[in-house]
Amino acid sequence: MDTPQRANISVIPTGAALGADVVGVGLAKPISAETFRQIEDAWHTHLVLRFRGQRLDDPALLRFARLFGELDKAPIHAGREVEDPFPEITVMSNIRVDGKPIGNLGHYEAVWHTDMSYNEKCPIGSLLYSLEVPPQGGNTGFSNMYQAWDTLPAALRREILGRFCRHDSSRNSAGELRKGFSDIDDPRDAPGAIHPLLRTHPRTHRNCLFLGRRHNAYIMGLPLDESEDLLNQLWAHATQPCFEWYQVWKAGDLVMWDNRCAMHRRDAFDPDSRRLMHRTQVSGDKPYFDPKTLDLRA
Ligand code: OGA
Ligand code: MN
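Keep in mind it's a predicted model, so treat the numbers as computed, not measured.

Novice: Any details on the site of ligand 1? Residues and values, ideally.
Specialist: In the neighbourhood of ligand 1, the contacting residues comprise Met92, Leu105, His113, Asp115, Leu128, Thr140, Trp257, His264, Arg266, Arg275 and Arg279. Interatomic distance of 3.1 Å between a side-chain N/O atom of Asp115 and an oxygen atom of ligand 1. Within the side chain of Arg275, one N or O atom sits 2.8 Å away from an oxygen atom of ligand 1. Per-class residue counts for the shell around ligand 1 are four nonpolar, three polar and four charged.

Pasting the structure below:
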């Protein structure tokens, strides 16, 4: 058996609101508990980590991801066979073989979102590993929702304290209607889980805005126009470039994001170019807000 690597890693922040490169570790081999602890600390500090120049097969990707917790099984979707040997791997791709898509999300833009926030329990994070990247486009943006909360004007802070939002489950982040769902024109009728708008990160105990996605979101208990107005203000604030960083992919990049405190989106790209990623997701718990974390003088 391989001896776990005690890598001498460096963490190099992007200089933007979030994100850092981790250099000095090859994840194709097992890592020591100490190296894992350093990586996890860096993840909690920087929200998004990038490991460039990796050569990972599915077992290596899964072994590294499992250090962070139990993995979710990928939903049954295009390109996945029932007897898939790696049910925790999802293929994200626009590639078609014999006219059939081999993966999810195609070449479209994916709007700002948190993964699976329409479920009661939401993944703590995802790991996305690039095998093929288009020559341009298809960049993935991330945004820092701790900073969005920290800088939220006091009047808006007061309006969202104690409020809950329903996260629509009917459409995916490319705006496509999911199988088995019908179209909804009133957000009050949307299906999906209800979560606090301000959530506490269970590991850092810091608070962050938790918006999920804009389409068909609804703030419980408000008249529709007030819910729409408040959501528009929150989204306008949270999607400012000062909270963002964009990953411009190279093949061999592994990027992992903290789905509790960062949102992400993706640019569209030329459908005739190829993009192929393997992805896995660490399962999580129900989002909550811990009032003890709030400094009432703020
Ligand atoms: C995802 C996702 C964006 C991308 O995997 O959850 O939103 O860049 N992917 O493929
Ligand atoms: Mn996503």
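Novice: How would you explain unusual backbone geometry if you had to name every residue and give the values?
Specialist: Negative phi is the rule for most residues except glycine; trans is the rule for most peptide bonds. One non-glycine residue, Asp98, lies in the positive phi region at around 55 degrees. Tracing the backbone shows Asp98 in the loop between β5 (96-97) and β6 (100-101). With phi around 60 degrees, Asn216 is a residue other than glycine that occupies positive phi space. Among the structural elements, Asn216 can be located in the loop between β14 (207-209) and β15 (218-219).

Novice: Describe the state of the cysteines, listing the residues and the values that go with them.
Specialist: Taken as a whole, this structure holds zero disulfides when the rule is applied. Here Cys208 is not disulfide-linked; the sulfur of Cys261 is the nearest cysteine sulfur, at 5.6 Å. Left unpaired, Cys242 is separated from the closest cysteine sulfur, that of Cys208, by 16 Å.

The rules behind each value
Residues numbered from 1 in each chain as written. Chains lettered and ligands numbered in written order. Predicted model: local features only at pLDDT ≥ 70, side-chain atom pairs only at ≥ 80, totals over all residues. Heavy atoms only, no water. Near = heavy atom within 4 Å. Polar contact = N/O pair within 3.5 Å; in protein donor to acceptor, adjacent residues only side chain to side chain. Nonpolar A, V, L, I, M, F, W, Y, C, P; charged D, E, K, R; others polar. Helix = DSSP H or I, 4+ residues; strand = E, 2+ residues; numbered from the N terminus. Disulfide = S-S within 2.5 Å.

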